[in-house]
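# Coordinate inspection notes
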Amino acid sequence: MALLEIKNLTLFIDTGNATVKALEKVNLVLNEGEILALVGESGSGKSLIVRCIIGAIPDYWSIKADRITYAGQDLLNMSYEQRRQIMRREIAVVFQEPTSSLDPSVTIGEQLEESIPDELISKGWFWQKNKQRRQIAISLIHKIGIKEHQKYLSAYPHEIPKDVSQKIMIAMALASEPKILIADDSTRGMESTTKIQILRLLLKLNKTKNLAILFVSHDLLAITSVAHSMTVLYCGQTVESGRVKSLLKRPLHPYTKALLDSAPSFQVSLPTKSPLVALEGTIPTLQHLPAGCRLGPRCPNARKECVQVPAPRAIQDHTYSCHFPLHLPEKLSHQAQRISKGIGGDE
Amino acid sequence: MNKILSVNNIEYTHTIKSGLFGSLQSFQLGPISFDMHEGETIAIIGNNGSGKSMLAKALVGAVPLSSGTIDLYNSEASDQAVQTKIRTRGQDIRLILQHNADALNPSLSIGSILTQTLSLNTDFGEAQKREKIEETLVKVGLLREHYYYYRHMLSDGQQQRIAMARALLLDPKIIVADEPFAALDPSVRSQTINLILKLQNELGLGFVFISHNIGIVRHISDRVLVIDKGKIIEQGLTSEVFLNPQQPVTQKLIQSHFSMVEKHFARL
Amino acid sequence: MQRFNLYQEEYHPSPLVNIWLEFRRSHIALSGFVLLVLFLIITVFAPLLAPYSPELQNTNAILLPPSWEPNGTIAHLLGTDGLGRDVFSRLLYACRTTFGSSLVIVAISVFIGVGVGALAGVLSGLRSSIVNHLFDSIMSIPTLLIAIVMVAILGTGLFNAMMAITLALIPQFVHQTRTYVRNELQKDYVLLDRLDGASSRRIFIFSILPGMVELIVVQATIALSVAIIDISALGFLSLGAQEPTIELGASLSLALDVAYVAPWLIILPGMCIFLMILSINVVGEGLRSALRNRLHH
């Protein structure tokens, strides 16, 4: 069942002289107990999507979407109070920079205790409550795989290593026992040993607590080792989404293919020191977005038709947006379109 | 292959005083020794805080050595114009830093940044400097026009190319790079790796880099040095070390990477 | 290799030009800037612009109202004062003294402040912290108070007042420069410059100073408005410029005696001070928002 669903989300950003579509018709479905990877390079709008979900939207942004729902409740048309409740209890976010998300003047223990909602504390006198909070904080620390809780609870954020503070952030997010955890680039710039600890932690939480995780990253190695399905984003457009397995086996969109090719570990047959396959150029800035399919100028097989935005098409649950998908003969791709028309009837 | 660099027992002690009356904490780097040959790529791997970055800084001369020597072997003169002046170690071993917003001065144009490097280290005339800079910009895959650009007009990948151009400007023998790929996006990262491979082919550069991306290390390096607590605990040909790591630290580093790769292939 | 420029006509604005482009977008800031330029022109060309000598006493026309009043004449555009001197000419000269001396004050304090600040930023340890804390504690005292104390010691006069205000303005530049230089020295590009073989002095002049210009300009606009207020306040209290030097604050205090008979003698210099401060603050604010926004477009 879809826990979090985004359908045709378009985000307009007013830059002063013009309004740009920072996100264009983004679709995303996070099912219960699933790890969904949101893949994209910097500037692809990953963090914008996260902010749209949590509702942290400045004045000069405006959102248009067919729906953004959490467990069937419409997040767009609900009162501020209701939405805040959901954000507080059901959806937890771990932001990119752990060091700047923690208050530098307060100890880790106090911050952790503060993030525990009152409802989880049974009734009692305030000293009993404080004791309970401390207990819960300690158990949270244990839960994320840190044994020496004494050492860290009384420490200040600058005294602990970066990967530990990332784990602390996860612990704080877990304090309210959420249904969804949004991890915004949690493993960026980490050693492989510490990275794998974080990934193991996420996997464990997913398995034991049936926690749905939206894993935002561009680290393909990390994604393929934990995620069940993935949505690939390029420059504010969803280019391809589906089960990780089918995307890895047969990427249909040229961008997905390029991303997969960029990790040398994935190519066993590649001789060492040989050049890697890379798309030319860089991701365009918001001011210079190309018309139609935004990969157009960099795409190796772009043609005339690519100035139109390709409609999403689906083969089973593998959705892609490309006029000329890879690995797919012309005939089959037309068939796929028919299928999508059948699906898209309710729009 | 010619030996171009030999590092002999270099040592450096880094002391931090914590607080006004705090205790002195020191970190001991070295003694470290290794040799390097022409066109070789050496990767330095190790856990956080193992002294990788400090080794890179010690190599380029950003921190003073307390003992040991770094010897360069001049093979044939690569560029007559530059050779006329006595070259220092800083000109032959150049540093590239991890891509970040502070690595380029935001208030100067690329041209004036690169001109400064040349005027400090060569006695080129204005026209000669200009020519050299434009030539180098083209070499790293940029346009001559990037001479006039400022940092905010360049993308991440282009900024990293400028860093490369700055390093190459003095025709160095060796480039030392501290996490050159870490902050780059996958596709830009591939472009940068390709560029380095190409330049190495063309110029016969020695390339020393620090990375925590084991996949890249495996792909582009000839040899690896594994650093832990300021010392080399394991070194050898990349293929051999990866096939048969001896030290627990190395095993952990390599296995954690390959466990992810295996998961990837298990899904295919 | 082929040698032609593909994008020769393309314009490459530098960060400073960018600030100007961004500054120009705000009409209010631009009109403030025009006013400021006007004051600058008056300061430089006052003797050419003034119709009469400021000392010339026209005994036939004493306390003449401005020309738009029924009794006014076009010969004395803004009327005359109690000694029959042309108010318009005197106003031009007064603006010249106030604005000009403030500009000199700010220029000198920027020069000294940035120099000392840079030194304090590059130095480390005890010396740096002495410079820092000394100037920081001076900054907590209002500039006017320092100026009054100094005038009390040195004696009255425009020169002494200028010296006092200069000394009072220096600490803020020292502080700003020191913080900025400290900050920049930590950055990677300075390390790269060092590895290129640049000395500390060279790094400061060629790498750090260009980025600091905008900061100094903004700080200088604030200092300029403070300097104008202080100069005219000291003049008003008869601690600053003395007769025969004409100064806005001093002419304001002179006009107090005839305030009921000739209110324009108070209003006109007051308006001048007001417009000066307003234009400077508007320009300063425009610069600050231009600095904030320039990278967004």
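All residue numbers refer to position in the chain's written sequence, counted from 1. The order in which chains are written sets their letters, starting at A; the order in which ligands are written sets their numbers, starting at 1. Totals for whole chains, interfaces and linings use all residues, but because this is a predicted model, local features are given only for residues with pLDDT of at least 70 and pairs of side-chain atoms are given and counted only at 80 or more. For side-chain calculations, the full set of non-hydrogen atoms in the structure is used, while hydrogens and water are omitted.

### Details of the overall build of chain B
We count it as follows: The numbering of helices and of strands both runs from the N terminus, where a helix is a DSSP run of H or I of at least 4 residues and a strand a run of E of at least 2. In what follows, a contact means two residues having at least one pair of non-hydrogen atoms within 4.5 Å. Method for areas: the Shrake-Rupley scheme with a 1.4 Å probe, in which residue coverage is limited to the protein chains shown.
Secondary structure assignment for chain B yields ten helices and nine strands. The contacts of chain B with a sequence gap of at least 6 include a subset with a gap of at least 24, amounting to 69%. When the accessible surface of chain B is split by element, carbon and sulfur atoms take 51% of a total near 10600 Å².

### Let's talk about the overall build of chain C
Spelled out, the test is: Three exposure classes are used, based on accessible area relative to the maximum for each residue type with a 1.4 Å probe and protein chains only: buried under 20%, partly exposed in between, and exposed over 50%. Positive charges are assigned to Lys and Arg, negative charges to Asp and Glu, while His and the chain termini are left out of the count. Where a charge sits is defined by one atom per residue type, namely NZ (Lys), CZ (Arg), CG (Asp) or CD (Glu).
Summing up its helical and strand segments, chain C has ten helices and zero strands in all. Going from the N terminus to the C terminus, chain C shows its helices and strands as α-α-α-α-α-α-α-α-α-α. Expressed along its principal axes, the backbone C-alpha trace of chain C runs to roughly 80 × 55 × 25 Å. The buried share among the 297 residues of chain C stands at 47%. Here the contacts in chain C between residues at least 6 apart in sequence split such that 71% fall between residues at least 24 apart. When the accessible surface of chain C is summed, it comes to about 14900 Å², and 68% of that surface belongs to carbon and sulfur atoms. For chain C, the distance from the average position of its 16 positive side-chain charges to the average position of its 18 negative side-chain charges is 11 Å.

### Comments concerning empty space enclosed by the protein
Definition in use: A 1.4 Å probe that fits into a set of points on a 1 Å grid over the protein atoms alone but cannot get out defines a cavity; an open set with protein on both sides within 12 Å along at least five of seven lines defines a pocket, and lining residues are those with an atom within 4 Å of a point. Grid points are joined across faces, edges and corners, and a volume is the space filled by probe spheres set on the points. Residues are grouped as follows: Ala, Val, Leu, Ile, Met, Phe, Trp, Tyr, Cys and Pro are nonpolar; Asp, Glu, Lys and Arg are charged; all remaining types, including Gly, are polar.
Evaluation of the coordinates by the stated rule reveals eight cavities of 30 Å³ or more. Here the largest cavity defines a volume of roughly 380 Å³. Every residue lining the largest cavity is counted, 28 residues in all, and those nearest its centre are Lys195 and Asp219 of chain A together with Arg189, His212 and Asn213 of chain B. When residues of the lining of the largest cavity are traced back to their parent elements, those giving at least two are α8 (192–209) and α9 (220–226) of chain A together with α7 (186–203) and α10 (248–266) of chain B. The residue makeup of the lining of the largest cavity, split by class, is eleven nonpolar, eleven polar and six charged. Roughly 110 Å³ of volume is contained in the second largest cavity. Taken together, 14 residues make up the lining of the second largest cavity; nearest its centre are Arg94, Leu95 and Ile96 of chain B together with Leu192 and Leu195 of chain C. Every element with two or more residues in the lining of the second largest cavity is listed here: β5 (93–96) and α6 (156–168) of chain B together with α7 (188–196) of chain C. Here the lining of the second largest cavity takes four residues from β5 of chain B, the largest share from any one element. Residue classes in the lining of the second largest cavity are distributed as ten nonpolar, one polar and three charged.

### Section: the confidence of the model for chain B
The line we're drawing: Confidence of the predictor in every single residue is expressed as pLDDT, which spans 0 to 100.
Here chain B shows a mean pLDDT of 80. Residues at 70 or above account for 90%. Low pLDDT, under 50, characterises residues 76–86 of chain B; the predicted model gives this stretch 14 contacts beyond four residues in sequence or across chains.

### So, the pairing of strand β9 (residues 231–237) of chain B
Residue and element names in this part refer to chain B. For the record, the criterion: Here the rule is simple: two strands pair whenever DSSP picks up at least two bridges between them.
Inspection of the sheet shows strand β8 (residues 223–228) paired to β9 by six bridges, in the antiparallel sense. Bridge assignment links aspartate 228 to a residue of β9, and that residue is lysine 231. Taken together, β8 and the strand that follows it, β9, pair antiparallel across an intervening segment of two residues, in which lysine 229 is found at a positive phi of about 50°.

### What about the packing of aromatic side chains?
Applicable threshold: Stacked, tilted and edge-to-face are the three classes applied to pairs of Phe, Tyr and Trp rings, where Trp contributes its six-membered ring and a pair requires centres within 6.5 Å; stacked means planes under 30 degrees apart, edge-to-face means over 60, and tilted covers the rest. As a reminder, the over-ring test applies to NZ of lysine and CZ of arginine, requiring each to be within 6 Å of the ring centre and within 35 degrees of the ring normal.
Per the counting criterion, the structure on display carries nine aromatic pairs over all chains. Here phenylalanine 207 of chain B and phenylalanine 209 of chain B contribute two aromatic rings whose centre-to-centre distance is 5.3 Å and whose plane-to-plane angle is 15°, an arrangement assigned as stacked. What makes phenylalanine 209 of chain B buried here is its relative accessible area of 0%. Consider the rings of phenylalanine 39 of chain C and phenylalanine 99 of chain C, whose centres lie 6.1 Å apart with planes at 35°: the pair is tilted. In this pair, phenylalanine 39 of chain C is assigned in helix α2 (residues 27–49) and phenylalanine 99 of chain C in helix α3 (residues 87–122), connecting sequence segments 60 residues apart. Classification of phenylalanine 39 of chain C as buried rests on a relative accessible area of 7%. Clustering of aromatic rings is evident, with ring pairs tying together Phe181, Phe207 and Phe209 of chain B. The aromatic ring of tyrosine 147 of chain B is capped on one face by arginine 130 of chain B, whose charged end is 4.0 Å from the ring centroid.

### Comments concerning a positive patch on the surface
The criterion, for reference: Excluding any residue in a salt bridge, patches collect residues exceeding 30% relative accessible area, merging like charges within 9 Å and nonpolar Val, Leu, Ile, Met, Phe, Trp and Tyr side chains within 5 Å. In what follows, salt bridge is the name for a side-chain nitrogen of Lys or Arg lying within 4 Å of a carboxyl oxygen of Asp or Glu.
Taken together, the side chains of Arg200 and Lys207 of chain A together with Lys252 and Lys263 of chain B define a basic patch exposed on the protein surface. Contributing elements (two or more residues each) for the positive patch: α8 of chain A together with α10 of chain B. One can find lysine 252 of chain B in helix α10.

### Some words on helix α11 (residues 254–261) of chain A
Of all eight residues in α11 of chain A, seven are buried; the element is thus mostly enclosed. Buried residues in α11 of chain A make contact with β3 (35–39), α9, β10 (229–234), β11 (237–243) and α10 (244–249) of chain A together with α7 of chain B.

### Topic: a nonpolar patch on the surface
Residues and elements named next belong to chain C. Taken together, the side chains of Trp20, Phe33, Val37, Ile41, Val44, Phe45, Leu48 and Leu49 make up a nonpolar region of the molecular surface, amounting to roughly 710 Å² of accessible area. Among the elements that make up the nonpolar patch, the one with the highest residue count is α2 (seven residues). Mapping leucine 49 onto the fold places it in helix α2.

### So, unusual backbone geometry
It is generally the case that most residues other than glycine have a negative phi and that most peptide bonds are trans. Residues and elements named next belong to chain A. Look at lysine 25: it is not a glycine, yet its phi comes out positive at around 45°. Tracing the chain through its elements places lysine 25 in strand β2 (residues 19–31). Accessibility expressed as a relative area gives 52% for lysine 25, which makes it exposed. If you check the backbone angles, alanine 71 has positive phi at about 45° while not being a glycine. Position of alanine 71 among the secondary structure elements: in the loop between β5 (67–70) and β6 (73–74).

### Notes on the confidence of the model for chain C
Residue and element names in this part refer to chain C. Overall, the predicted model of chain C reaches an average pLDDT of 84, with 94% of residues at or above 70. Within the model, the stretch residues 1–9 combines pLDDT values under 50 with ten contacts to residues more than four positions away or in other chains. The ipTM, which scores confidence in the relative placement of chains, is 0.78 for this predicted complex, and the corresponding pTM is 0.76.

### Re the interface of chain A and chain B
Applied cut-off: For any pair of parts, buried area is found by adding up, for both, the accessible area (1.4 Å probe) each one loses once the two are put together. Identification of polar contacts relies on pairs of N or O atoms within 3.5 Å, with a donor-acceptor requirement for protein atoms, meaning one able to donate a hydrogen and the other able to accept it, and with residues adjacent in sequence counted only if both atoms are side-chain atoms.
The partner chain B presents 41 residues to the 45 residues of chain A that form the contact. Taken as a group, Glu191, Ser192 and Lys273 of chain A account for 20% of the area that chain A buries against chain B, more than any other trio of residues on that side. Summed over the shared surface of chain A and chain B, the result is zero salt bridges. Taken together, chain A and chain B are joined by zero residue pairs in polar contact (both at pLDDT 80 or more). No other element matches α8 of chain A, which puts six residues into the side of chain A that touches chain B.

### Let's talk about the sheet that holds β8 of chain B
Residues and elements named next belong to chain B. Note the cut-off: Helix axes are fitted to C-alpha atoms over the stretch in contact, other axes to C-alpha atoms as well, and angles between N-to-C directions run from 0 to 180 degrees.
Spatially, six strands are ordered β5-β6-β7-β3-β8-β9 in an open sheet, and the strand pairing comes out mixed. Of all the strands in the sheet, the pair left with one neighbour each is β5 and β9. The average angle at which neighbouring strand axes cross in this sheet is 20°, direction not considered. As judged from the four bridges shared by β5 and strand β6 (residues 174–178), these two strands associate in the parallel manner. Looking across to β6, one finds that isoleucine 93 is bridged to isoleucine 174. Contacts from α10 reach β3 (41–46), β8 and β9, with the element oriented near 60° to β9.

### Here we look at the environment of serine 53 of chain C
Residue and element names in this part refer to chain C. Structurally, serine 53 can be placed in the loop between α2 and α3. Here serine 53 falls in the partly exposed class, since its relative accessible area comes to 39%. Sequence separation between serine 53 and arginine 85 is 32 residues; the distance between their C-alpha atoms is 8.4 Å.

### Here's the deal with the packing of α2 of chain C against α3 of chain C
All names here are of chain C. Cut-off, in case you're wondering: Under this scheme an angle from 65 to 115 degrees is roughly perpendicular, one under 35 degrees roughly parallel, and one over 145 degrees roughly antiparallel; angles in between are oblique. We call a crossing left-handed when the near helix sits turned anticlockwise from the far one by less than a right angle, and right-handed when that turn is clockwise.
Packing of α2 against α3 leaves a shortest axis separation of 8 Å and a crossing angle of 120°. Regarding the angle of α2 to α3, the classification is oblique. As α2 runs across α3, the sense of the crossing is left-handed. Note on element contacts: α3 touches α2 through Phe88, Leu92, Tyr93, Cys95, Arg96, Phe99, Gly100 and Leu103, opposite Leu36, Phe39, Leu40, Ile42, Thr43, Val44, Ala46, Pro47 and Leu49.

### Details of the nonpolar core
Note the threshold: We call a set of buried residues a nonpolar core when its members are Ala, Val, Leu, Ile, Met, Phe, Trp, Tyr or Cys and they connect through side-chain atoms within 4.5 Å of each other.
In terms of nonpolar packing, the biggest core is built from 69 residues, with Ile170, Leu181, Phe215 and Met230 of chain A touching the most fellow members. Every residue in contact with phenylalanine 215 of chain A, bar those within four places of it in the chain, is listed here: Ile35, Leu36, Ala37, Leu38, Ala183, Thr187, Leu199, Leu202, Ala222 and Ile223 of chain A. Ile19, Cys95, Val110 and Met212 of chain C belong to the second largest nonpolar core, which has 61 residues in total.

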